[in-house]
Amino acid sequence: MRDILDLETFPIDRPGTPEWEALVARCRTDLAEQGMFNLDGLMHPTVAAQEALDMASQFDTEAFLHEREHNIYFLKSLPDLPADHPALTRFRTSNRTLCADQIPHSALIQLYEWPEFAQFLAATMDMPKLYPMQDHMARVNVMSYDAGQTLNWHFDRSEFTTTLLLQSPDHGGAFEYRTDLRSKDDPNYDGVAQMLQVQDDQVQSLTLSPGTLNVFRGRNTAHRVTTVQGETSRVIAVFSYFEQPDVTFSPEERQGFYGRAE
Ligand SMILES: O=C(O)CCC(=O)C(=O)O
Ligand SMILES: [Fe+2]
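Residues numbered from 1 in each chain as written. Chains lettered and ligands numbered in written order. Predicted model: local features only at pLDDT ≥ 70, side-chain atom pairs only at ≥ 80, totals over all residues. Heavy atoms only, no water.

By the naming in an unreviewed UniProt entry, the protein chain is Fe2OG dioxygenase domain-containing protein, taken from Roseovarius albus. For the protein chain, the Sequence similarities (unreviewed entry) comment in UniProt is given as "Belongs to the iron/ascorbate-dependent oxidoreductase family." (UniProt positions renumbered as here; feature names shortened; annotations may be inferred.)

Take a look at the structure:
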């Protein structure tokens, strides 16, 4: 794993040691105070660049083009909101996705299956244990954004979202986010509407560098990736772990997310 990760700076391979505990404590504090933590350069940038290069032709030929209009909830309607409520404003998303089964020999899959990585993430999230998915497609996804492509405003389904940037675009492709826009008890529809109308001064912007691990509270943090510009695509991996073992998507879900069930 030393060939892939900077384990000098980030001692993920030494659970229980004081330096591991200190790193976990720093991440927990950041999550509590800012809804996010970053490990800048966790993956050696040279490895991240090679991974992106290895996948480039696959993105051209076999990736799923995810293109649609959606609202921030990825739902057609909400039972407690009129259809014309501004919180339901629709925006366009477009990117390409490769699934875990298309990159079986990548460093990303090695990292995903490394038990110390899941152990570390669980500790930062204050969870007893996190398990890799059983789903051969959903466990790791890599998304590529070419010029003109974007991932628009949304909330994630899972409480936490774990990403690792492989390649930065020349321009655009910033990660914009608004922490705690809603909570378990308060959907804050008017606040959501305000933010979508660009009237929320608590929206922040983060430009990730290649190799950076980013963990954020995706369920209640509204977030988007701004439109990419220039020749170089933005390439980012998303890791999915669950508190229960052996989670899979249904064939219908795989069809919807990836355009193929198997
Ligand atoms: O690309 C990113 O930085 C965020 C990805 C994301 O929000 C998602 O996959 O749900
Ligand atoms: Fe997301």
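**Student:** Could you give me a rundown of the sheet that holds strand β1 (residues 36-39), with the residues and numbers involved?
**Tutor:** With antiparallel pairing, the seven strands of this open sheet are ordered in space as β1-β11-β7-β14-β5-β3-β2. Two strands bound the open sheet, and with one partner strand each, they are β1 and β2 (64-70). Between one strand and the next, the sheet's axes are offset by a mean angle of 25°, whatever the strand orientation. Examined bridge by bridge, strand β5 (residues 140-145) and strand β14 (residues 234-239) share six bridges and lie antiparallel to one another. For Ser144, the partnering residue across the bridge sits in β14 and is Val235. Sheet strands touched by helix α2 (residues 45-61): β3 (91-99), β5, β7 (161-167) and β14. Its angle to β7, the strand with the most contacts, is close to 85°. (Pairing = 2+ DSSP bridges. Helix = DSSP H or I, 4+ residues; strand = E, 2+ residues; numbered from the N terminus. Axes fitted to C-alpha atoms, helices over the stretch in contact; angles between N-to-C directions. Contact = heavy atoms within 4.5 Å.)

**Student:** Can you tell me about the side chain of Asn71, naming the residues and giving the values?
**Tutor:** Here Asn71 shows up in the loop between β2 and β3. Engagement of the side chain of Asn71 in a polar contact is seen with the backbone oxygen of Leu75, the distance being 2.6 Å. (Polar contact = N/O pair within 3.5 Å; in protein donor to acceptor, adjacent residues only side chain to side chain.)

**Student:** For the site of ligand 1, give the residues involved together with the corresponding values.
**Tutor:** The local shell around ligand 1 consists of Met143, Tyr145, Leu151, His154, Asp156, Phe175, His223, Val225, Arg234, Ile236 and Val238. Between ligand 1 and His223 there is a distance of 3.0 Å, counted from an oxygen atom to a side-chain nitrogen or oxygen. One of the side-chain nitrogen or oxygen atoms of Arg234 is found 2.8 Å away from an oxygen atom of ligand 1. Breaking the shell around ligand 1 down by element, the ones donating at least two residues are β5, β6 (151-154), β12 (222-225) and β14. Partitioning the shell around ligand 1 into residue classes produces seven nonpolar, two polar and two charged. (Near = heavy atom within 4 Å. Nonpolar A, V, L, I, M, F, W, Y, C, P; charged D, E, K, R; others polar.)

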